[in-house]
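The lines below spell out each chain.
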Amino acid sequence: MCVTCGCSDNSEVTVTNPQTGTHEHILADGTVISHSHHAHDHAHAHAHDHAHAHDHEHPHHPAEIHAQIHGNIVQVEQNLLAKNNLLAAQNRGWLKGRKTVALNLVSSPGSGKTTLLTRTIADLKTAIPISVIEGDQATANDAQKISETGCQVIQINTGTGCHLEASMVERGLIELDPPMNSLVMIENVGNLVCPALFDLGENAKVVILSVTEGEDKPIKYPYMFHASQVMILTKIDLLPYVNFNLDRCLDYAYQVNPNLKVFQVSATTGEGLDAWYSWLKSLV
């Protein structure tokens, strides 16, 4: 992992509600600017000073940095993600108070996250109330796809940021206002590195891997697969047409995380989705 990410230094985060047209711009110093394209401004006045200059480092362990100086090992115990973790804990408490479960969907770009999400929402809309926080660096394209299912969705654009943070999700939850006893799907920015380190207040991380990406992803990005509780292997309908060793992939995944719960699905054919849906129903 990189020593200093710095991906969102001085970037402007935008929170958009496609249903109301409300936009909130969160500047690097924490300033929140709200406006709406509608006649009335529906923006929440709930503004906290969450200055996130993103001056964090990515050690192999989030709470421990080892530095070698003139042959002496200096161990520095410093949790550089403490502020994010505090906000994540607040998010978790807020969700628990509403008896609402949140899942953090993480993957590399092109894994089929949004396709799986839209299929899941369409199939479960009468069984589970589902809301979505959609994270991307730019555009509201995926939020529009989600909105077409009739699902409530909030778009968060991170600018140069390569992952969502707890403060962004906090603002998304306030704007989204999910109902009691519901499920919130947080579709993170496509990236298998930094999102592994950032707790958003979710109940579980769900890492999504497609058969078009290569079976060695779990050992190439071990921290993400270790930090996740669930792995979804997507596009399994393409297995006859791609060079992908399924057994080897599963072996790698269990090497990294023996407790990983695995679903093998195709959002196109529907194969394997019943098991995924049963697990989701058991959460709410």
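Our subject is the structure that appears above.
Note that this is a predicted model, so its numbers are computed, not measured.

To continue, consider unusual backbone geometry. Backbone geometry follows two general trends: most residues other than glycine have a negative phi, and most peptide bonds adopt the trans configuration. Residues other than glycine seldom take positive phi values, yet Lys99 does so here, at roughly 55°. In this fold, Lys99 is placed in the loop between helix H1 (82-97) and strand S6 (101-107). Here Lys99 falls in the exposed class, since its relative accessible area comes to 57%. Positive phi is not limited to glycine here, since Asp177 has a value of about 50°. By the secondary structure assignment, Asp177 is in the loop between helix H4 (166-176) and strand S9 (183-187). For Asp177, a relative accessible area of 46% gives the class partly exposed.

This brings us to the packing of aromatic side chains. Applying the stated criterion across every chain yields a total of three aromatic pairs. Measuring from ring centre to ring centre gives 6.0 Å for Phe263 and Trp279, while their planes differ by 50°; the resulting arrangement is tilted. Taken together, the residues span a long stretch of sequence, with Phe263 in strand S12 (residues 261-264) and Trp279 in helix H8 (residues 273-283) at a distance of 16 residues. Here the two residues Phe263 and Trp279 agree in accessibility, since each one is buried. Ring geometry for Trp276 against Trp279: centres 5.9 Å apart, planes inclined by 20°, an arrangement best described as stacked. With Trp276 and Trp279 both in helix H8, this residue pair falls three residues apart, about one helical turn. The residues Trp276 and Trp279 share a single accessibility class, namely buried. Aromatic ring contacts, followed pair by pair, group Phe263, Trp276 and Trp279 into a single cluster.

Calculation rules
Residues numbered from 1 in each chain as written. Predicted model: local features only at pLDDT ≥ 70, side-chain atom pairs only at ≥ 80, totals over all residues. Heavy atoms only, no water. Helix = DSSP H or I, 4+ residues; strand = E, 2+ residues; numbered from the N terminus. Buried < 20%, exposed > 50% of the residue type's maximum accessible area, 1.4 Å probe, protein only. Phe/Tyr/Trp six-rings, centres within 6.5 Å; stacked < 30°, edge-to-face > 60°.

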